[in-house]
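Here is what each chain is made of, one letter per residue.
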Amino acid sequence: MLSIEDEILTALQPWRAACALCVAFSGGMDSTVLLHAMARLAQSHCLPPLRAIYIHHGLQEAAEAWPAHCQRVCDELQVPLRIISVAVAATASVEQAARTARYAAFVEQLDADEVLLMAQHQDDQIETLLFRLMRGTGVAGLRGIPLTRALSCGQVLRPLLGISQQHILEYAQQHQLQWVEDPSNGTDDFDRNYLRHQVVPALKARWPQMQQNMQRTAQHMGEAQELLDELAAQDLQRAQIEPALAWLHVPCVNLDVLRELSVLRQKNLLRYWLAPLTLLPDTAHWVGWDSLRDAQVDAQPIWRLHNGALWRSQRRVYWLSDFWLHPPADLDLTVTGPGRYLLPGNGYLQIEGEVLQPLQVRYRQGAERFFIAGRGHRDLKRLLQEHAVPTFIRGRVPIVFLAEQPVALANMPSLSHPAVQGLRVTWESAVAAES
């Protein structure tokens, strides 16, 4: 018989020096087997301290008894348990909302360098592959559930991923384990349950080696994605550049370099670059990239994505989070001395030097004219163009006024009026302040 404990120990090998191990314990059969096996291994091997977390979603009446059950199991195994209650958002997909709430709790509870052990197994992997295939996923999706991945300051490890649910059941029966049964697993209303009850058994009957073959496909897709990522990293290294202004902390790439690549490599680079920043669009929405890339030279097109947008300006393509896409609240700030001033929703303004008269700070309204030594009065719009200030930021840069006359623009000392040459006016956006 397959030794599940040996399989788990092998999977744990790279993480033996972690600060702690934490089992995501639901009380179901899979996580009960994982917790039981880990408790036994902890008695016979030198492993990091072991604990468990139960996430209580409160979605069904039957679940109200589960925290107590989980506590009893952990007490018997002498494993510390933390019970966390979460609120699940009311959305069309209860499964996804519960998953989001669960992972948010894990991120909050996980300690630095701690490994979170999750009980997904080979059958879960097959359901995931089929589910994603039905949704038209690409290479990245067909990699399936990863064995390990980073999560906040810790790591997720799934040591049962290569083990079938049948072997897990046999272990549970052998050790006479008790677990809870989720009533929702018995209905085909959820897509994954339908695959589990109706589709997978039919496929296994026709192709007995289906699980092993699909697992191998996931491994092949993982290797293919690694090659795509290597190519994207090389392309991104060539394309990634600094913003037009050194103080503008916004990711951007060189449009001219992207245009030298084939369309497929452009998309591959963008997927790789944007993956940590936003949810990637489906196939039908990639036309937005074509429109942005091919717009006229004097245009400033925008491609809106999940929580931000790509913005084209001066032959650069910027990633703008939602912060940049909404104008800040009106500002009318009076400055009477040096210091750091809060700009609601827009970061901070730092004033250094002697302030001889009260100054007002506002945002651009239009028609402002600056006095430039040797050039006379110049329209602010023209000056912003000369200094290559992208349009998405122009309404956010604080302007300093003296007696209703604009005398300084934050971060641009060359535009300061002779009357305030001794002042240093620095703006730090909310995005920069958080980074």
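Here the structure is shown first, and the text comes after it.
Just so it is clear, the model here is predicted, and its values are computed rather than measured.

(A) Spotlight on the overall build of the protein chain. Within the protein chain, the secondary structure is distributed over 15 helices and 20 strands. Its C-alpha radius of gyration of 28 Å places the protein chain more than 25% over the 22 Å reference for a compact globule of 435 residues. Taken over the C-alpha atoms alone, the protein chain extends approximately 90 × 50 × 40 Å along its principal axes. Residue burial in the protein chain is summarised as follows: out of 435 residues, 45% are buried. If you take every contact in the protein chain between residues at least 6 apart in sequence, the share linking residues at least 24 apart comes to 65%. As displayed, the protein chain has an accessible area near 22600 Å², and 51% of this comes from carbon and sulfur atoms. Distance from the positive charge centre (38 side chains) to the negative charge centre (45 side chains) of the protein chain: 9 Å.

(B) Up close: the nonpolar core. By size, the foremost hydrophobic cluster in this structure holds 46 residues, and its most contacted members are Trp324, Leu349, Phe392 and Leu409. With 4 residues, strand 18 (residues 399-402) is the single largest residue contributor to this core. Not counting the four nearest positions on each side in its chain, Leu349 is found in contact with Gly339, Arg340, Tyr341, Leu343, Val361, Pro398, Ala410, Val425, Thr426 and Trp427. Ala18, Val23, Ala63 and Cys70 belong to the second-largest nonpolar core, a separate cluster that totals 38 residues.

(C) Structural detail: helix 3 (residues 66-77). Along its 12 residues, helix 3 runs 17 Å from first to last C-alpha, staying within 8% of the 16 Å computed at 1.5 Å per residue. Among the residues making up helix 3, those that are buried are Trp66, Pro67, His69, Cys70, Val73 and Cys74. With its buried residues spanning 160 degrees around the axis, helix 3 presents them on a single face. Residues of helix 3 that are exposed and point more than 90 degrees away from the buried face comprise Arg72, Asp75 and Glu76. On its buried face, helix 3 sits against helix 2 (29-44), strand 2 (50-56) and strand 3 (81-85). The first or second residue beyond helix 3 is Gln78, which carries a positive phi of 60 degrees.

(D) Region of the structure containing the sheet that holds strand 2. Pairing is mixed across the open sheet formed by 6 strands, whose spatial order is 3-2-1-4-6-5. At either end of the open sheet lies a strand with only one pairing partner, and these are strand 3 and strand 5 (148-151). Each neighbouring strand pair of the sheet contributes to a mean axis angle of 25 degrees, computed without reference to strand direction. As defined by bridge partners, strand 5 adjoins strand 6 (residues 154-157) across 4 bridges and the pair is classed as antiparallel. Looking at strand 6, one finds that Thr148 is bridged to Leu157. The sheet strands contacting helix 2 are strand 1 (20-24), strand 2 and strand 4 (114-117), and the helix crosses strand 1 at an angle near 155 degrees.

(E) Here's a closer look at the environment of Ala101. Positionally, Ala101 belongs in helix 4 (residues 94-109). According to the relative accessible area criterion, Ala101 is buried, its value standing at 11%.

(F) Fine view of the pairing of strand 18. Because side chains alternate across strand 18, one face comprises the buried residues Ile399 and Phe401, and the other comprises Val400 and Leu402, equally buried. Both strand 15 (residues 359-362) and strand 18 contribute to a ladder of 3 bridges, which runs antiparallel. Bridge pairing in strand 18 links Arg362 to Ile399. In this structure, strand 18 lies alongside strand 19 (residues 405-409), joined through 4 bridges in antiparallel fashion. Bridge assignment links Phe401 to a residue of strand 19, and that residue is Pro406. Counting the residues that bridge the hairpin from strand 18 to strand 19 gives 2 residues, and of these Ala403 lies at a positive phi of roughly 55 degrees.

(G) Inspection of the environment of Gly308 at higher detail. Structurally, Gly308 can be placed in strand 10 (residues 308-313). For Gly308 and Phe323, which are 15 residues apart along the polypeptide, the C-alpha to C-alpha distance reads 8.0 Å. Once you skip the residues sitting within four places of it in the chain, Gly308 turns out to touch Trp303, Trp319, Leu320, Ser321, Asp322 and Leu325.

(H) A look at the packing of helix 2 against helix 6 (residues 165-174). The geometry of helix 2 relative to helix 6 is characterised by a closest axis approach of 10 Å and an angle of 60 degrees between their N-to-C directions. Relative to helix 6, the element helix 2 is oriented oblique. Read as a crossing pair, helix 2 and helix 6 show a hand that is left-handed. From helix 2, Met29, Asp30, Val33, His36, Ala37 and Arg40 reach across to helix 6, where they touch Gln165, Ile168, Leu169, Tyr171 and Ala172.

(I) Looking closely at the packing of helix 2 against helix 3. In the contact formed by helix 2 and helix 3, the axes pass within 10 Å of each other and the chain directions differ by 15 degrees. One element, helix 2, and the other, helix 3, form an angle in the roughly parallel class. For the element pair helix 2 and helix 3, the recorded crossing hand is right-handed. In this structure, helix 2 contributes Leu35, His36 and Ala39 to the contact, and helix 3 contributes Val73, Cys74 and Leu77. Each residue belonging to the contact of helix 2 with helix 3 can be placed in one class, and the counts come to 5 nonpolar, 1 polar and no charged.

Cut-offs and rules
- Residues numbered from 1 in each chain as written.
- Predicted model: local features only at pLDDT ≥ 70, side-chain atom pairs only at ≥ 80, totals over all residues.
- Heavy atoms only, no water.
- Helix = DSSP H or I, 4+ residues; strand = E, 2+ residues; numbered from the N terminus.
- Rg over C-alpha atoms; globule rule 2.2 N^0.38 Å.
- Buried < 20%, exposed > 50% of the residue type's maximum accessible area, 1.4 Å probe, protein only.
- Contact = heavy atoms within 4.5 Å.
- Areas by Shrake-Rupley, 256 points an atom, 1.4 Å probe, with all protein chains shown as cover.
- Lys, Arg positive; Asp, Glu negative; His and termini not counted.
- Charge placed at Lys NZ, Arg CZ, Asp CG, Glu CD.
- Core = buried A, V, L, I, M, F, W, Y, C linked by side-chain atoms within 4.5 Å.
- Expected span 1.5 Å × (residues − 1).
- Arc of directions from axis to C-beta.
- Pairing = 2+ DSSP bridges.
- Axes fitted to C-alpha atoms, helices over the stretch in contact; angles between N-to-C directions.
- Parallel < 35°, antiparallel > 145°, perpendicular 65-115°, else oblique.
- Left-handed = near helix turned anticlockwise from the far one by under 90°.
- Nonpolar A, V, L, I, M, F, W, Y, C, P; charged D, E, K, R; others polar.

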